[in-house]
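Chain by chain, the residues:
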Amino acid sequence: MAVTLTEKAARQVQKHLAARGAGVGLRVAVKTSGCSGLAYALEFVDQPAPEDRAFESHGVTLLVDPKSLAYLEGTELDYVREGLNEGFKFNNPNVKNQCGCGESFNV
């Protein structure tokens, strides 16, 4: 399995990479945080780490470290607009529970 982007999410990443003027892709990771234990982290990457696993999706390179991959396997990252809010949304099949605010999750 892989970590993927929808076309809308890929367009947003490409737009941000172009605005930065640099970068090889987007790092998708999990960190310990929140009331449910884990939270997602996104950052643009100028140089991949040797241990990163790379996935190509709609022309965008996604980089995932081995520890995070265990929690993100099969995840699709989308870009959504809901009312006045817009942002990336994680469709992660591994999530068992998440906190009420949606900021953290556990598997």
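Look above for the structure.
Definitions and limits used
- Residues numbered from 1 in each chain as written.
- Predicted model: local features only at pLDDT ≥ 70, side-chain atom pairs only at ≥ 80, totals over all residues.
- Heavy atoms only, no water.
- Helix = DSSP H or I, 4+ residues; strand = E, 2+ residues; numbered from the N terminus.
- Expected span 1.5 Å × (residues − 1).
- Buried < 20%, exposed > 50% of the residue type's maximum accessible area, 1.4 Å probe, protein only.
- Arc of directions from axis to C-beta.
- Polar contact = N/O pair within 3.5 Å; in protein donor to acceptor, adjacent residues only side chain to side chain.
- Contact = heavy atoms within 4.5 Å.
- Phe/Tyr/Trp six-rings, centres within 6.5 Å; stacked < 30°, edge-to-face > 60°.

A.B. asks: Can you help me understand helix α1 (residues 7-20) in this one?
C.D. replies: An α-helix turns once every 3.6 residues. As a result, residues three or four positions apart point the same way. Between its terminal C-alpha atoms α1 stretches 20 Å, which fits the 20 Å expected from 14 residues at 1.5 Å a residue. Here α1 has its buried residues at A9, A10, Q12, V13 and L17. In an axial view of α1, the angular spread of the buried residues amounts to 160°, which keeps them on one side of the axis. Residues of α1 that are exposed and point more than 90 degrees away from the buried face comprise E7, K15, A18 and A19. Just past α1, the residue G21 takes up positive phi, approximately 80°.

A.B. asks: Explain the side chain of D78 to me, please; I cannot follow it from the model alone.
C.D. replies: Note that D78 resides in strand β6 (residues 76-82). A polar atom in the side chain of D78 sits 2.7 Å from the side chain of T6. Dropping the residues within four chain positions of it, D78 is found in contact with T6, K8, A9, G87, F88, K89 and N91.

A.B. asks: What should I look at first to understand the packing of aromatic side chains in this one?
C.D. replies: The geometry of an aromatic ring pair comes down to the distance between the two centres and the angle between the two planes. Within the structure shown, the criterion is met by 2 aromatic pairs. Ring centres of Y40 and F90 lie 3.7 Å apart, and the angle between their planes is 0°; this geometry places the pair in the stacked category. Taken together, the positions of Y40 in strand β3 (residues 37-45) and F90 in strand β7 (residues 85-91) put the pair 50 residues apart, joining distant regions of the chain. Judged by relative accessible area, Y40 falls into the partly exposed class, the value being 22%. Taking 5.1 Å as the distance between ring centres and 75° as the angle between the ring planes, the aromatic pair formed by Y79 and F88 counts as edge-to-face. Residue classification places Y79 among the buried residues on the basis of a relative accessible area of 11%.

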